[in-house]
Amino acid sequence: QVQLVESGGGLVQPGGSLRLSCAASGSIFSTAVMGWYRQAPGKTREQVAAITSDGFTTYADFVQGRFTISRDNAKNTVDLQMNSLKPEDTRVYYCNADDRVIGGPEADYWGQGTQVTVSS
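Just so it is clear, the model here is predicted, and its values are computed rather than measured.

(A) Inspection of the nonpolar core at higher detail. In this structure, Met34, Trp36, Leu80, Met82 and Tyr93 are the most contacted members of the largest nonpolar core, which totals 28 residues. Sort the elements by how many residues they give to this core and strand S3 (residues 18–25) lands first, with 4 residues. Contacts of Met34, omitting those with residues within four sequence positions, involve Leu4, Phe29, Ala49, Ala50, Ile51, Ile69, Arg71, Val78, Cys95, Asn96 and Ala97.

See below:
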């Protein structure tokens, strides 16, 4: 059974920083593409950043240069360092583990989400 548990969300002022962390249990971490997504009420979920098992990263255009994704394969964790936060970054942030290449179409897992609010 794969479980993803996020932590690190909260309230921060514009221009501030937060670090989100996701701890994964289960056997898929070594092969899964790990990602962070975000969603506003009534909006579709959008990808923020992703990192492959060998460290290749991708970022959405709206976070380029501000956010950094990293993973520790020994600890089964993936982090998202968020700097220069803007009010429009206010969303619920979700951790994702995509292991569908190895595990098939059902091997796509989500955490429960953590709220990030950027406001003065």
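Alright, that's what it looks like, and here's the rest.
(B) Here's a closer look at the state of the cysteines. All chains considered together, the criterion is met by 1 disulfide. A sulfur-sulfur distance of 2.1 Å marks the disulfide that ties Cys22 to Cys95. Judged by the sign of its S-S torsion, about -80°, the bond between Cys22 and Cys95 is left-handed. With Cys22 in strand S3 and Cys95 in strand S9 (residues 91–98), the pair connects residues that are 73 residues apart, well separated along the chain.

(C) Representation of the sheet that holds S3. Reading across the sheet, the 4 strands line up as S1-S3-S8-S7 and stay open at both edges, with antiparallel pairing between neighbours. A strand with exactly one partner marks an edge of an open sheet, and here the two such strands are strand S1 (3–7) and strand S7 (67–72). Across the sheet, the mean angle separating the axes of adjacent strands is 15° when strand polarity is ignored. Bridge analysis of S3 against strand S8 (residues 77–82) gives 6 bridges, and the strand direction is antiparallel. When the bridges of S8 are listed, Ser21 appears paired with Asp79.

(D) Looking closely at the packing of aromatic side chains. Here the structure, examined in full by the defined rule, presents 1 aromatic pair. Here Tyr37 and Trp110 contribute two aromatic rings whose centre-to-centre distance is 4.9 Å and whose plane-to-plane angle is 70°, an arrangement assigned as edge-to-face. Note that Tyr37 is positioned in strand S4 (residues 33–39) and Trp110 in strand S10 (residues 108–110), a separation of 73 residues in sequence. Here Arg45 stacks its cationic end above the ring of Tyr94, 3.7 Å away from the centre of that ring. Sitting over the face of the ring of Trp110, Arg45 holds its NZ or CZ atom 4.6 Å from the ring centroid.

So, how was this worked out
- Residues numbered from 1 in each chain as written.
- Predicted model: local features only at pLDDT ≥ 70, side-chain atom pairs only at ≥ 80, totals over all residues.
- Heavy atoms only, no water.
- Core = buried A, V, L, I, M, F, W, Y, C linked by side-chain atoms within 4.5 Å.
- Buried < 20%, exposed > 50% of the residue type's maximum accessible area, 1.4 Å probe, protein only.
- Helix = DSSP H or I, 4+ residues; strand = E, 2+ residues; numbered from the N terminus.
- Contact = heavy atoms within 4.5 Å.
- Disulfide = S-S within 2.5 Å.
- Pairing = 2+ DSSP bridges.
- Axes fitted to C-alpha atoms, helices over the stretch in contact; angles between N-to-C directions.
- Phe/Tyr/Trp six-rings, centres within 6.5 Å; stacked < 30°, edge-to-face > 60°.
- Lys NZ or Arg CZ within 6 Å of the ring centre and 35° of its normal.

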